[in-house]
Amino acid sequence: MNTIYITGGRPLTGTLAVQGSKNAVLPILAATAAIPGRFVLTNCPAIRDVTVTRSLMEGLGIQSRESAGLITVDSQGPLQSVPDPGLAGLLRSSVLLLGALLARLGEAEIPLPGGCVLGDRPLDLHLKALKGLGVRICLAGDRLLCKGRPEGGIAILPYPSVGATENLILAALGATGPVRIIGAAREPEIRDLADFLTACGARITGAGTPCVRVEPAPLHGAAHRILPDRIEAATWLCAVAATGGTLTLTELDPAQLQPVLTLLGLAGCEIRESAAGLTLHAAALQAPGTVVTGPYPAFPTDAQAILMAALLRASGATLFRETVFSDRFRHVPALCALGADIRTAGDLALVRGVGALHAAEISATDLRGGAAMVIGALAAEGTSVIRDAWHLDRGYGKFAERLRALGADVMTE
Ligand code: EPZ
């Protein structure tokens, strides 16, 4: 979709099944390039980043088919080692093909990745760790020329980069000896990647902890169900918190969303768990205190804009500190156009609750910033117009349809 029209001021109410995680399915799709085999992935989200990744893989010689959330992949044929630069530049996770192709082929020519503009997004942690395992890497224009299977050894990450952890795990599948990653990211999506790879025969221990060990092992195809998307869940919960309704989410592991649930509870939402799922009932919100983003298990940076949008009318002031990305307040001007009172300075944003929000014509800046704008518009009086809504298609499947299912007045074109 290019433009979404939202007439706000209505409470959202209903039940939704959380979709499969974008940030789990993308590394798992990349992982199939490391292993000759046939794979069946279920609970896959119907999102553009998956479509782009499948096209990238097809260009390498990996066929896949998708139907109703089930993706079959066949990576048994001969592979190319050079992903299409145009497609690779559309998303950040294309860089994970580096680890996968090194494992499979012992070489790769990787175009620099794209993805949401959130400030600097270098690859130094990926490259330094891989070079430390003996991989020869040089930058030629906007491509990374990589040669050599990783040697066994220890890879140290001074910052728990999600992508660097995933790239190292994938490269280690083809290493000449065991690889230990120290300082690994602990996100649930990394555990899901490890669960998938273990089903493929990989010997991985410690996934989800700061110390992950991968031992070379014979690998084969497998079936895997993608874990639910905790950030999509946060999006729906914050949308309902902003509009004053009641929402039940199924398919969600609340433990993976604990920091968001804690803050929504502190803001005054009633949250309970039952056999039906996780239910949030929104009330008049008050500022929950300070929100500091960080690597898992801290408050997720991907939920920062989303929670900020939910708190625009909360009584009191909420201070946000964004510690993960250098420029992740790009959604703030659009929220202010809706009538929000937000001041930013460096990595801080102070949100003072206002009595009411009003419609505006705004443009999405990135995936989660766009979602935040939708949430703001849902809480605003009048009809807002959000352009560049294609950002949302990258990570939210059937977004407008699911909003309508909750009672939102939404049109798209
Ligand atoms: C993953 O991005 C997610 N994307 C992001 O979600 C998420 O925000 C991020 O992890 C943090 O949780 C996918 O999984 C596809 P990082 P990634 O490497 O791997 C710096 C969304 O909205 N860094 O953990 O790129 C980097 O600049 C997206 O779904 C280096 O300095 O995140 C950033 O400031 C947005 N050098 C910080 O680390 C490096 O070599 C975290 O980056 C790598 C990263």
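Residues numbered from 1 in each chain as written. Predicted model: local features only at pLDDT ≥ 70, side-chain atom pairs only at ≥ 80, totals over all residues. Heavy atoms only, no water.

Caption draft 1: Broad picture of the side chain of His126. By the secondary structure assignment, His126 is in helix 5 (residues 124–132). For His126, the side chain forms a polar contact with the side chain of Asn167, separated by 3.1 Å. Residues within four places of His126 in sequence aside, it is in contact with Arg92, Val95, Ser161, Gly163, Ala164 and Asn167. (Helix = DSSP H or I, 4+ residues; strand = E, 2+ residues; numbered from the N terminus. Polar contact = N/O pair within 3.5 Å; in protein donor to acceptor, adjacent residues only side chain to side chain. Contact = heavy atoms within 4.5 Å.)

Caption draft 2: The arrangement of helix 2 (residues 48–60) in detail. In a regular helix each residue adds 1.5 Å, so 13 residues correspond to 18 Å; helix 2 covers 19 Å between its end C-alpha atoms and thus fits that length. All of the buried residues along helix 2 are Asp49, Val50, Val52, Thr53, Arg54, Leu56, Met57 and Leu60. Tucked inside the fold, the buried residues of helix 2 contact helix 1 (22–31), strand 4 (63–67), strand 5 (70–74), helix 3 (85–88) and helix 4 (96–105). With its phi angle positive at about 105°, Gly61 sits one or two positions after the end of helix 2. (Expected span 1.5 Å × (residues − 1). Buried < 20%, exposed > 50% of the residue type's maximum accessible area, 1.4 Å probe, protein only.)

Caption draft 3: Main features of helix 9 (residues 258–266). Every buried residue of helix 9 is listed here: Pro259, Val260, Leu261, Leu263 and Leu264. Residues of helix 9 that are buried sit in contact with helix 8 (230–243), strand 15 (270–274), strand 16 (277–281), strand 17 (291–292) and helix 10 (304–310). A positive backbone phi angle near 115° is found at Gly268, which sits one or two residues after helix 9.

Caption draft 4: Up close: the site of the ligand. Taken together, 22 residues surround the ligand, and among them Asp124, Leu125, Ser161, Asp302 and Val324 come closest. Contact between the ligand and Leu125: an oxygen atom at 2.7 Å from a main-chain N or O atom of the residue. In this structure, an oxygen atom belonging to the ligand sits 2.7 Å away from a side-chain N or O atom of Ser161. Taking 820 Å² as the accessible area of the ligand by itself, protein coverage stands at 90%. Mapped onto the shell around the ligand, the elements with two or more residues apiece are helix 1, helix 5, helix 6 (162–172) and helix 12 (367–379). Among the elements that line the shell around the ligand, the one with the most residues is helix 5, at three residues. Across the shell around the ligand, the residue classes tally to nine nonpolar, five polar and eight charged. Residues lining the shell around the ligand come from more than one domain, with at least three contributed by each of domain 1 (3–18 + 228–412) and domain 2 (22–225). (Near = heavy atom within 4 Å. Areas by Shrake-Rupley, 256 points an atom, 1.4 Å probe, with all protein chains shown as cover. Nonpolar A, V, L, I, M, F, W, Y, C, P; charged D, E, K, R; others polar. Domains from an automatic or database assignment.)

Shape descriptors only; they carry no functional weight alone.
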